[in-house]
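Each chain, letter by letter, is given below.
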Amino acid sequence: MALEITDANFEETVLKSDKPVVVDFWAAWCGPCRMVGPVIDEISTEYEGKAVVGKVDVDANQEFAAKYGVRNIPTVLVFQGGEVVGRQVGVAPKKAYSDAIDALL
């Protein structure tokens, strides 16, 4: 399962990570988010130990969604060294997410 990332642990979990980080910004009421969620969970399992994979519920945690200009969900951001190096807005195939991670490993 993907990590639950909140405004409180975002900096420690995402920005200070020495591994690539994939963050899915989502909400429970969002239909397309429910399609992306299981894919993110699969990637989390496949890249365990190699990358950090987590989800931010934008209804409960708005600080970093606002900071990174997340206006549409689902939005998946890829971080390396505390910087955004990739952005996918909307539903994408699993390969799009795994290719983004593989490029950083």
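This text follows the structure it describes.
Residues numbered from 1 in each chain as written. Predicted model: local features only at pLDDT ≥ 70, side-chain atom pairs only at ≥ 80, totals over all residues. Heavy atoms only, no water.

1. Observations concerning the nonpolar core
Side chains that are nonpolar tend, in soluble globular proteins, to be buried together. Our working definition: Take the buried Ala, Val, Leu, Ile, Met, Phe, Trp, Tyr and Cys residues and link them wherever side-chain atoms come within 4.5 Å; each set so joined is a nonpolar core. Per-residue accessibility, obtained with a 1.4 Å probe over protein chains only, is compared with the maximum for each type, and a residue is labelled buried under 20%, exposed over 50%, and partly exposed between these values. Per the convention used, a helix needs a DSSP run of H or I reaching at least four residues, while a strand needs a run of E reaching at least two, with both numbered from the N terminus. The contact criterion used is simple: two residues touch if any of their non-hydrogen atoms lie within 4.5 Å.
Counting residues in hydrophobic clusters, the biggest one holds 19 residues, and the most contacted among them are Phe10, Val14, Leu15, Val23, Phe25, Tyr68 and Phe79. Looking at this core, the elements that each hand over two or more residues are α1 (10-15), β2 (21-26), β3 (52-57), α3 (63-67) and β4 (75-80). Residues contacting Val14, with those up to four places away along its chain left out, are Ile5, Asn9, Val21, Val23 and Phe79. One finds Val36, Ile40, Val78 and Tyr97 within the second-largest nonpolar core, a separate group that totals 14 residues.

2. Side note on the state of the cysteines
Heads up, the condition is: Disulfide assignment relies on a single distance test, namely cysteine sulfur atoms paired within 2.5 Å.
Applying the stated criterion across every chain, the model contains one disulfide. Two residues share a disulfide in this structure: Cys30 and Cys33, whose sulfurs sit 2.3 Å from each other. Handedness here is read from the sign of the S-S torsion; for Cys30 and Cys33, about 80°, the answer is right-handed. For Cys30, a relative accessible area of 4% puts it in the buried group. Among the residues examined, Cys33 registers a relative accessible area of 4% and is labelled buried.

3. With respect to the packing of aromatic side chains
Aromatic ring pairs are defined here through the distance separating the ring centres and the angle between the ring planes. Just so we agree on the cut-off: Working definition: a ring pair exists when centres of Phe, Tyr or Trp rings (six-membered ring for Trp) sit within 6.5 Å. Plane angles under 30 degrees give stacked, over 60 give edge-to-face, the rest tilted.
A complete count under the given rule lists five aromatic pairs for this structure. Considering the side-chain rings of Phe10 and Phe79, the 5.9 Å spacing of their centres and the 80° angle between planes classify their relative orientation as edge-to-face. Note that Phe10 is positioned in helix α1 and Phe79 in strand β4, a separation of 69 residues in sequence. Pair check on accessibility: Phe10 and Phe79 agree, each one buried. Site record: aromatic cluster; members linked through ring pairs are Phe10, Phe25, Phe64, Tyr68 and Phe79.

4. A word on helix α2 (residues 31-46)
Operational definition: Expected helix span is taken as 1.5 Å per residue step, with the number of steps being one fewer than the number of residues.
Given a rise of 1.5 Å per residue, 16 residues ought to cover 22 Å, and the 24 Å separating the end C-alpha atoms of α2 matches this to within 8%. Residues of α2 that are buried include every one of Cys33, Val36, Gly37, Val39, Ile40, Asp41, Ile43 and Ser44, and no others. Contact partners of the buried residues in α2: β2, β3, β4 and α4 (94-102).

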